[in-house]
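# Structural characterization, general
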Amino acid sequence: MWTLLVPLLALIARGDGVSFTPNKELLECASQILYIDQYAYQLPTNYSRNIPPGKNTTVYIGVNVNRVSGVDENREEITLDVFLQVSWEEMRLKVPPGMPYIDLPWEFRQLIWTPDLYIWQLQTMRILSVLQEMASLRLYANRTVSVSIGATITIKCEMNFVLYPLDVQNCAIDFSSYKYTREDVRFEWREVAPWFGLAGEQRREFRLPKYVVTFVTDKSKHIRNFGEGEHSAARLQIKLSRELRGYLLESYLPSSLFVIISWGSFCVIPEIVPGRMVLLVTTLLSLVTMFDTVSTNSPDALELKCIEVWLISCTIFVFLALLEYFVVLFGIRYDKSWSRRRQDLRRAASAAQLAPPLHINHTQRLSTPVSGTPQGGVFSPQLSVEDEGLKQQFSHQTIQRDSPIFETIPGDTSGSFLVRFAAMIDRGVMFCGAQHGALDKFALMVFPICFILFTIIYWTTYLSEAHRAMPD
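Each chain has its residues counted from 1, running along the sequence as written. Local features in this predicted model are restricted to residues whose pLDDT is 70 or higher, and side-chain atom pairs enter the listing and the counts only when it is 80 or higher, whereas totals over whole chains, interfaces and linings include all residues. Working from all heavy atoms in the structure, the side-chain values ignore hydrogens and water.

### Focus: the overall build of the protein chain
A run of H or I in DSSP counts as a helix once it spans at least four residues, and a run of E counts as a strand once it spans at least two, with each numbered from the N terminus. Along the backbone of the protein chain there are nine helices and 16 strands. A simple rule labels every residue: compare its accessible area, found with a 1.4 Å probe on the protein chains alone, to the largest value its type can have, and call it buried under 20%, exposed over 50%, or partly exposed in between. Counting only residues that meet the buried cut, the protein chain has 39% of its 472 residues in that class. Any two residues whose heavy atoms approach within 4.5 Å at even a single point are treated as in contact. Here the contacts in the protein chain between residues at least 6 apart in sequence split such that 76% fall between residues at least 24 apart. For the protein chain, the exposed surface amounts to about 27500 Å²; the carbon and sulfur share of it is 59%. Note on areas: Shrake-Rupley, 1.4 Å probe, and residue coverage restricted to the protein chains presented here.

### Side note on the nonpolar core
Membership of the largest hydrophobic core comes to 81 residues, with the highest contact counts inside it found for Ile61, Val63, Ile78, Phe175, Phe215, Ile238 and Trp310. Ranked by residue count, the leading element in this core is helix H5 (residues 306–352), at ten residues. Buried residues of nine kinds, namely Ala, Val, Leu, Ile, Met, Phe, Trp, Tyr and Cys, make up a nonpolar core once their side-chain atoms join them within 4.5 Å.

### Some remarks on a nonpolar patch on the surface
Patch membership is restricted to residues that have no salt bridge and whose relative accessible area is over 30%. Joining uses 9 Å for like charges and 5 Å for the nonpolar side chains Val, Leu, Ile, Met, Phe, Trp and Tyr. We define a salt bridge as a contact between a side-chain nitrogen of Lys or Arg and a carboxyl oxygen of Asp or Glu at a distance within 4 Å. Together, Leu304, Ile312, Ile316, Phe319, Leu320, Leu323, Phe326 and Val327 line one region of the surface with nonpolar side chains, adding up to about 650 Å² of accessible area. Considering the arrangement of structural elements, one finds Val327 in helix H5.

### So, the sheet that holds strand E14 (residues 229–242)
Strands are labelled as partners when DSSP assigns at least two bridges between them. Within the open sheet, the five strands sit side by side as E6-E10-E14-E13-E12. Their pairing is antiparallel. Strands with a single pairing partner mark the edges of an open sheet, and in this sheet they are strand E6 (117–119) and strand E12 (205–207). Strand-to-strand twist in this sheet, taken as the mean axis angle between neighbours without regard to direction, amounts to 25°. Bridging between strand E10 (residues 168–177) and E14 involves nine bridges; their strand directions are antiparallel. When the sheet's bridge partners are listed, Cys171 is paired in E14 with Ile238. Only the stretch in contact is used when fitting a helix axis, every axis being a line fitted to C-alpha atoms; angles between N-to-C directions are given from 0 to 180 degrees.

### Some details on the packing of helix H3 (residues 244–262) against helix H4 (residues 273–297)
Contact geometry of H3 with H4 gives a least axis separation of 9 Å together with a crossing angle of 160°. The angle between H3 and H4 falls in the class roughly antiparallel. Here the hand of the crossing between H3 and H4 comes out left-handed. Residue-level contacts link Ser251, Pro254, Ser255, Phe258, Ile261 and Ser262 of H3 to Leu279, Leu280, Thr283, Ser286, Leu287, Met290 and Val294 of H4. Note on angle classes: values under 35 degrees are labelled roughly parallel, values over 145 roughly antiparallel, values of 65 to 115 roughly perpendicular, and the remainder oblique. Should the near helix be turned counterclockwise from the far one by less than a right angle, the crossing is left-handed, whereas a clockwise turn marks it as right-handed.

### Looking at the layout of surface pockets
Only protein atoms enter the 1 Å grid used here, on which a cavity is any set of points holding a 1.4 Å probe that cannot leave and a pocket is any open set flanked by protein within 12 Å on both sides along at least five of seven lines; residues with an atom within 4 Å of a point are listed as lining. Grid points are joined across faces, edges and corners, and a volume is the space filled by probe spheres set on the points. Quantified by volume, the second largest pocket comes out at close to 360 Å³. Around the second largest pocket, the lining comprises 15 residues; the ones closest to its centre are Trp106, Pro115, Leu117, Val147 and Ile149. Residue type decides the class: Asp, Glu, Lys and Arg count as charged, Ala, Val, Leu, Ile, Met, Phe, Trp, Tyr, Cys and Pro as nonpolar, and the leftover types, Gly among them, as polar. The class makeup of the residues in the lining of the second largest pocket is twelve nonpolar, two polar and one charged.

### Observations concerning the packing of aromatic side chains
In this scheme Phe, Tyr and Trp rings, the latter by its six-membered ring, pair at centre separations within 6.5 Å, and the angle between planes marks the pair as stacked below 30 degrees, edge-to-face above 60, and tilted otherwise. Under the criterion given, the structure shown has 23 aromatic pairs. The interplanar angle of 55° and the centroid separation of 6.3 Å between the aromatic rings of Tyr252 and Tyr458 together place this pair among those described as tilted. With Tyr252 in helix H3 and Tyr458 in helix H9 (residues 438–469), the pair connects residues that are 206 residues apart, well separated along the chain. Owing to a relative accessible area of 3%, Tyr252 belongs among the buried residues under this scheme. Relative accessible area serves as the criterion here: at 3%, Tyr458 is assigned to the buried category. Through pairs of rings, three or more aromatic residues link up here, namely Tyr252, Trp263, Trp310, Phe317, Phe451, Phe454, Tyr458, Trp459 and Tyr462. Any Lys NZ or Arg CZ found within 6 Å of a ring centre and within 35 degrees of that ring's normal is scored as a charge over the ring. Here the basic side chain of Arg224 rests over the ring of Trp120, its NZ or CZ set 4.3 Å away from the ring centre.

See the structure below:
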């Protein structure tokens, strides 16, 4: 046994006993002379680490995820603590008789052929260490070489946040060779390796505060085209789905309650301006603040995100309720002005009944002077009682709101259209400003129906889009 140490001691003596600097010759000598239970292991003399074990060598990949350290949405990265295991058959190496396997020094990997493993989406990789690096190299009796590494890796994942928070992110991690094509090296998954590489039961789902991370190995054959040809790849699918419960309680439920509260303004008497305005303006400002907070804290996207569409729609519903109140106030003011005009017309009609009827033509009626005074911002005409031509127009006891005071000249179609249009607007304004709150009653029925329809369309559309985005 001591005779095997002679070359090693000779190399150490050449350093003059002053300092020891590792070199390639010493590494090869120290690695090829390995004692395991008094057995000496040495590489074959004709072994070349630059030549693969054989044509179409199969490299088996196994990944055991220990922990998901975090998901960085802004940088689109996922950090994982994994145990990466790579194995392949090396028929040129063998284990001493009677031993199931032998553990080789980690430096021994530089003396044998190892696949040039390339992880496409890998950003950074750091081997874990406590007292020493968590890495092992083992040779089994069936001539399988196993490399196991404990590492923290950061994966780049392309994410799309248009459906946020209903989005489901899918990241594909490909393990392949950079130099060897698929005619030389093939990569495949092996769930339970005969060399005890993986446990029979693995944890495939991890629950984070915002995400549920799921790992699935894709058994289909994948090809990467680059360089000198086609390269075989083993693909690991990572699916990130969000915990929707938190977003429902933090954003969707409060915004829906704000919209429902805004409908309470329809039940407030329009004349109570401060109470109704405070209710609507406060609700509107709360939704605007919520939208700003969600937009700041959510990841960026090229389009409006799903939750932003919801908050903008809720803000529009509250704004329309505030706009409806403005229309009611304008209608009330117009209605008060019309009441004063109606009193003047009734007095003129009562005076006209005391005079004998008089027939005049259209030209005479249009030439009759009309005077008036502005009242409440609206011009109110005052008709002279002595005008016998207009007394005939007020022969009825009751004056209708939509009764035109003047008639248009026969054949004047443009004037007739304007009169009808003005009468239509007048009836609409009167409906809005009615004292019994006709518009508020109508809005109290229409607004909830429209919001329910919007909610059904919103969730149906975005849930179907989210389902379509999921991988098969």
